[in-house]
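This is what each chain is made of:
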Amino acid sequence: SAEHALRSIKRVAGALAPDAPVPGLPGVTALQLVTTFLTALRRGLVERANLDLDLDDGLEVMVAVPANSASRQRWLTLEAFRRAGFTPIGLLNEPTAAAVELAHRHLGGLERKSPKRYVVVYDLGGGTFDTSAVSLEGRRFDLIASEGLARLGGDDFDALILEVAGIPASADALERAREAKESLRPTSRRLLLELGTGEPRSIDVAELYARAQPLIDRTLAQTDLLFDRLRQCGIDPDDPRELGGVYLVGGAAGFPAVGRALRARFGKKLQLAPQPFAATAIGLAIAADPDAHVMIHEAITRHFGVWREADAGDDKVFDPLLGKDTVATGPIVVHRRYRPTH
């Protein structure tokens, strides 16, 4: 295995400033890491995809980021795409893109008098988790509220498999754990972990799911927090008529323990994306199509503000100029008057 292998570029880069060095990769910044990856992706599209492209051709791209991404992660992502030779034409939160894909397939005939007001997207990726409520009223896709965890995803289930099997974590072992995890079915009772040397390890699936439950509970706690914030927006989350569905997407959505926990919670409202790995990408493509007539309003998913000196002492305090989930329907002007303390 590679000495400096990274399994989740998004998780690593999301925790760093663009010019911060990547741990374990001497001389490489977070921006350089993502740019290098996207440059290789663009070369692969030119050389191996069915697109009629040359390396010098312009390539437009719709970009999605986790809903809970900070401003620096959003800038880093867009800048890396530009440096890799892409031309970004739009940026969406990943759950919003997934909601567009869901609506395109299932909710095209949604009547104006329909009581369904929103859909909840449960997006469990390889390294991050997002849950968002997106409006379904009209042909608009307005982000109502969002919660998330920056460091929880399928990578953690892979590490848990090795922990249950008593195997030290390494890049190669984690990759084999991922392959074993993705072979699981709802009826599986044993998980066979092929290590490439000797006999495969056999793991009791019931024990694995029990050990994974605390991780899943953390995602459900974020979903509960999302529903609490819906009440603040005048939406009754206890009214099943208003909820268009809970849409399960993301690279880790196929882990059976996740679907089982969500099904116990949401029953028939739960919908698994036919292509959970690709739901976000499909939604981005639809949003980029002018003929789809998709109207999207994103909200601020983190507080936006400035750090300033505290009124007393040498500490700094954060002043949230715009609160989380603020929807801008026009220019917003915020006035502040600060008194220097030094």
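All figures in this text were calculated on a predicted structure; none of them were measured in a lab.

A.B. asks: Tell me about helix H3 (residues 71–83), and name the residues and values.
C.D. replies: Quick reminder: α-helices carry 3.6 residues per turn. Residues three or four places apart thus point the same way. Compared with an ideal rise of 1.5 Å per residue, which puts 13 residues at 18 Å, H3 spans 18 Å between its outermost C-alpha atoms and is within 8% of the ideal. Regarding H3, the residues found buried are Gln-73, Arg-74, Leu-76, Thr-77, Leu-78, Glu-79, Ala-80 and Phe-81. Contacts made by the buried residues of H3 are with helix H1 (9–14), helix H2 (30–48), strand E1 (59–65) and strand E2 (86–93). Phi for Gly-85, located one or two positions after H3, is positive at around 100 degrees.

A.B. asks: So what's going on with the nonpolar core? Residues and values would help.
C.D. replies: Counting residues in hydrophobic clusters, the biggest one holds 48 residues, and the most contacted among them are Tyr-118, Phe-157, Leu-191, Leu-193, Leu-208, Phe-255 and Val-258. Among the elements that take part in this core, helix H7 (residues 205–232) stands out by supplying ten residues, more than any other. Excluding its chain neighbours within four sequence positions, the residues that come into contact with Leu-193 are Ile-161, Leu-162, Ala-165, Ile-167, Arg-176, Ala-177, Ala-180, Pro-200 and Arg-201.

A.B. asks: Summarise the layout of surface pockets; cite the residues concerned and give the values.
C.D. replies: Considering only enclosed or pocket space, the largest pocket measures out at about 1,400 Å³ in volume. For the lining of the largest pocket, the secondary-structure elements that each account for two or more residues are H1, H2, E1, H3, helix H5 (154–165), helix H6 (171–182) and helix H9 (279–288). A per-element tally of the lining of the largest pocket places E1 first, with seven residues. For the lining of the largest pocket, the residue count by class is 25 nonpolar, twelve polar and twelve charged.

A.B. asks: I'd like to hear about the sheet that holds strand E5 (residues 140–149), residue by residue, with values.
C.D. replies: Pairing within the open sheet is mixed, and its six strands lie in the order E9-E8-E3-E4-E5-E10. The open sheet has two edge strands with one neighbour each: strand E9 (270–272) and strand E10 (295–297). Strand-to-strand twist in this sheet, taken as the mean axis angle between neighbours without regard to direction, amounts to 25 degrees. Bridge count for E5 against E10 is three bridges, and the pairing is parallel. Within E10, the position partnered with Asp-142 by the bridge is His-297.

Definitions and cut-offs
Residues numbered from 1 in each chain as written. Predicted model: local features only at pLDDT ≥ 70, side-chain atom pairs only at ≥ 80, totals over all residues. Heavy atoms only, no water. Helix = DSSP H or I, 4+ residues; strand = E, 2+ residues; numbered from the N terminus. Expected span 1.5 Å × (residues − 1). Buried < 20%, exposed > 50% of the residue type's maximum accessible area, 1.4 Å probe, protein only. Contact = heavy atoms within 4.5 Å. Core = buried A, V, L, I, M, F, W, Y, C linked by side-chain atoms within 4.5 Å. 1 Å grid on protein atoms, 1.4 Å probe; cavity = no way out; pocket = protein on both sides within 12 Å on 5 of 7 lines; lining within 4 Å. Points joined across faces, edges and corners; volume = space filled by probe spheres on them. Nonpolar A, V, L, I, M, F, W, Y, C, P; charged D, E, K, R; others polar. Pairing = 2+ DSSP bridges. Axes fitted to C-alpha atoms, helices over the stretch in contact; angles between N-to-C directions.

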